[in-house]
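Okay, here's what each chain looks like letter by letter:
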Amino acid sequence: MSAKTTALTVLSAALLAPALLVAPAHAAPTPPADGKGGPAKAPQAPAPPVSMSTVGGSLLGQPGTQVNLLPGAPALPTNLTGRSWIVADAESGEVLAAHNAHWRLPPASTMKMLFADTVLPGLPKEQVHKVTGQDMDGVGPGSSLVGVKEDLEYSVHDLWLGVFLRSGNDAVHVLSAMNGGIDKTVKDMQAHAEELQALDTHVVSPDGYDAPEQVSSAYDLTLIARSGLQKQDFREYCGTAEAKFPGKQEAGKPREYFEIQNTNRLMTGAGGLSPYKGIAGVKNGNTTMAGSTFTGAAQQGSRKLLVTVMNPDAGGANSVYEETAALFDWGFAAAGKVKPVGELVPPKSADTSSHGSPAQSHENNPSAAGQGSGGVGTALGVAGGVLAVLAGGAFVVNRRWPRGRRGRGEDLV
């Protein structure tokens, strides 16, 4: 590593160091005074491991911020507090900057991206299922729910809307039952994570509900999102801002429907935020153990970026979105002005003899969201006529594999 690179890395880490000492919102309360009249000691946020996975490049296994700025490159935002984050080019896979990229942390509902990428291709969207009480066994207390009810029928299409828009753990459990049960689904997800080389990820529950040893990383979540975005149905579900979801069904009457809205605030502008220009998904999450997590995809011009932020220490429900937006802004401005610090590796089975071909949908019905029993409204206009989401198949990630590379720890600097 050059002296210039080292200096930049240390400088960036130094800028972020004060933020990393702030206690997270879900930390234990401050202990009382020490009994000797002294002030109480505030709990410290945990430090990242000294050594982490080097999948994607050796720099990604180092703690702290990794960035290699070339002349004219903008400085990284100085107000970042996420314990872990990453900015990557969605198509080339180049990692433009990262911070504790392989730190294994609770993922919350961002785990649903892996659930969808694993299970979605095997369940036809037109398939209808009558929900039983057993289907929803094990939905954790306090779970986010879309409102699935026992003894009512739902299409697979309806249930995926519930997963992506409302992060419905009830919908996840029903789809898992249709996939052969929770245990089988967890095994399927773990196997798929390993195929993607998302080796920081350990799956315990398919919905991301807090569980001991359930972890992922910013690097892995970005790999998973990139894989999911190859699938047209995945793109369109995660890029849907609002939809109608089936409600009560009374004999002799048309079924009732109710409105649901995506909980991704960068898409909808909820919580006082402005929709992010070019946002196209992907998934947010929040639990006691994980704090706030978010993986987003956005496009400006021909550039498509993926950003993942895990557990900002700054308070407030918007912090994860604000830090994601700041990293998007930096990534779009820095494109072509930084030397990559790593790469998103291809799946184990990928053909890396060439750069690959454009992504193709393998869904049975490529027309996707916008049809089906509930009807779908994708996010369309915001102020100035800018699209808030590139839905309807417009956001296509044509993954390119580096020729001849398998991506297991090479130093790219």
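Bear in mind that the values here come from a model prediction, so they are computed numbers and not experimental data.

**Quick look at the side chain of Lys231**
No. 1: For Lys231, the position within the fold is in the loop between helix H6 (218-228) and helix H7 (232-238).
No. 2: Engagement of the side chain of Lys231 in a polar contact is seen with the side chain of Asp117, the distance being 2.5 Å.

**Regarding the nonpolar core**
No. 1: Val148, Trp160, Leu175, Tyr219 and Phe234 are the most contacted members of the largest nonpolar core, which has 63 residues in total.
No. 2: It is helix H3 (residues 156-166) that contributes the most residues to this core, seven residues altogether.
No. 3: Filtering out sequence-adjacent residues up to four positions away, Trp160 remains in contact with Phe115, Ala116, Val119, Leu120, Leu175 and Tyr237.
No. 4: Listed in part, the 29 residues of the second largest apolar core include Ala241, Met267, Leu327 and Val338.

**A look at helix H2 (residues 111-119)**
No. 1: For H2, a buried count of nine out of nine residues is recorded, marking the element as mostly surrounded by other parts of the structure.
No. 2: Residues of H2 that are buried: Met111, Lys112, Met113, Leu114, Phe115, Ala116, Asp117, Thr118 and Val119.

**Side note on the packing of H3 against helix H4 (residues 169-178)**
No. 1: Interhelical geometry of H3 versus H4 gives an angle of 140 degrees and a closest axis separation of 8 Å. Judged by the angle between their axes, H3 and H4 are oblique. Here the hand of the crossing between H3 and H4 comes out left-handed. Between H3, through Val156, Leu159, Trp160, Gly162 and Val163, and H4, the contact on the second element is made entirely by Ala171, Val172, Val174, Leu175 and Met178.
No. 2: Grouping the constituent residues of the contact of H3 with H4 by class yields nine nonpolar, one polar and no charged.

**So, the pattern of salt bridges**
Pairing of side chains with opposite charge becomes possible as their charged atoms draw close.
No. 1: Overall, the coordinates contain seven salt bridges when judged by the stated rule.
No. 2: With a shortest N-O distance of 2.5 Å, Asp117 and Lys231 are connected by a salt bridge. Here Lys231 lies in the loop between H6 and H7 and Asp117 lies in helix H2, a separation of 114 residues in the sequence. Judged on exposure class, the residue Asp117 and its partner Lys231 are both buried.
No. 3: Two residues, Lys184 and Asp188, come together in a salt bridge whose shortest N-O distance is 2.7 Å. Within this pair, Lys184 and its partner Asp188 are both found in helix H5 (residues 182-195), separated by four residues, close to a single helical turn.
No. 4: The exposure class assigned to Lys184 is partly exposed, which follows from its relative accessible area of 38%.

**Quick word on unusual backbone geometry**
No. 1: At the junction of Gly281 and Val282, the peptide bond is cis and its omega measures out at 20 degrees in the coordinates.
No. 2: You will see that Asp151, though not glycine, has its phi angle at about 75 degrees, which is positive.

**Some words on the environment of Leu80**
No. 1: With respect to the secondary-structure elements, Leu80 resides in the loop between strand S1 (65-67) and strand S2 (82-89).
No. 2: By relative accessible area, Leu80 is classed as buried at 3%.
No. 3: C-alpha of Leu80 to C-alpha of Val320: the two residues are 240 residues apart in sequence and 9.5 Å apart in space.

**Details of the packing of aromatic side chains**
No. 1: Tallying each qualifying case throughout the model produces nine aromatic pairs.
No. 2: Ring centres 6.2 Å apart and planes at 45 degrees place the aromatic pair Trp160 and Phe164 in the tilted group. One end of the pair is Trp160 and the other is Phe164, both in helix H3 and four residues apart, which spans about a single turn.
No. 3: Counting every residue linked through ring pairs, the aromatic cluster contains Phe115, Trp160, Phe164, Phe234 and Tyr237.
No. 4: The side chain of Arg255 reaches across the aromatic face of Tyr154, ending 4.9 Å from its centre.

**Points about H5**
No. 1: Under the 1.5 Å per step criterion, the end-to-end length of H5 is 20 Å for 14 residues, consistent within 8% with the ideal 20 Å.
No. 2: Inspection of H5 places Thr185, Val186, Met189, Gln190, His192 and Ala193 among the buried residues, and these make up the whole buried set. Around the axis of H5, the buried residues are gathered within 165 degrees of arc, so they sit on the same side. Projecting away from the buried face of H5 at angles above 90 degrees are the exposed residues Asp183 and Lys187.
No. 3: Here the buried face of H5 lies against H2, H4 and H6.
No. 4: Looking one or two residues beyond H5, the residue adopting positive phi is Gln197, at roughly 65 degrees.

Rules of the game
- Residues numbered from 1 in each chain as written.
- Predicted model: local features only at pLDDT ≥ 70, side-chain atom pairs only at ≥ 80, totals over all residues.
- Heavy atoms only, no water.
- Helix = DSSP H or I, 4+ residues; strand = E, 2+ residues; numbered from the N terminus.
- Polar contact = N/O pair within 3.5 Å; in protein donor to acceptor, adjacent residues only side chain to side chain.
- Core = buried A, V, L, I, M, F, W, Y, C linked by side-chain atoms within 4.5 Å.
- Buried < 20%, exposed > 50% of the residue type's maximum accessible area, 1.4 Å probe, protein only.
- Contact = heavy atoms within 4.5 Å.
- Axes fitted to C-alpha atoms, helices over the stretch in contact; angles between N-to-C directions.
- Parallel < 35°, antiparallel > 145°, perpendicular 65-115°, else oblique.
- Left-handed = near helix turned anticlockwise from the far one by under 90°.
- Nonpolar A, V, L, I, M, F, W, Y, C, P; charged D, E, K, R; others polar.
- Salt bridge = Lys/Arg side-chain N within 4 Å of Asp/Glu carboxyl O.
- Phe/Tyr/Trp six-rings, centres within 6.5 Å; stacked < 30°, edge-to-face > 60°.
- Lys NZ or Arg CZ within 6 Å of the ring centre and 35° of its normal.
- Expected span 1.5 Å × (residues − 1).
- Arc of directions from axis to C-beta.

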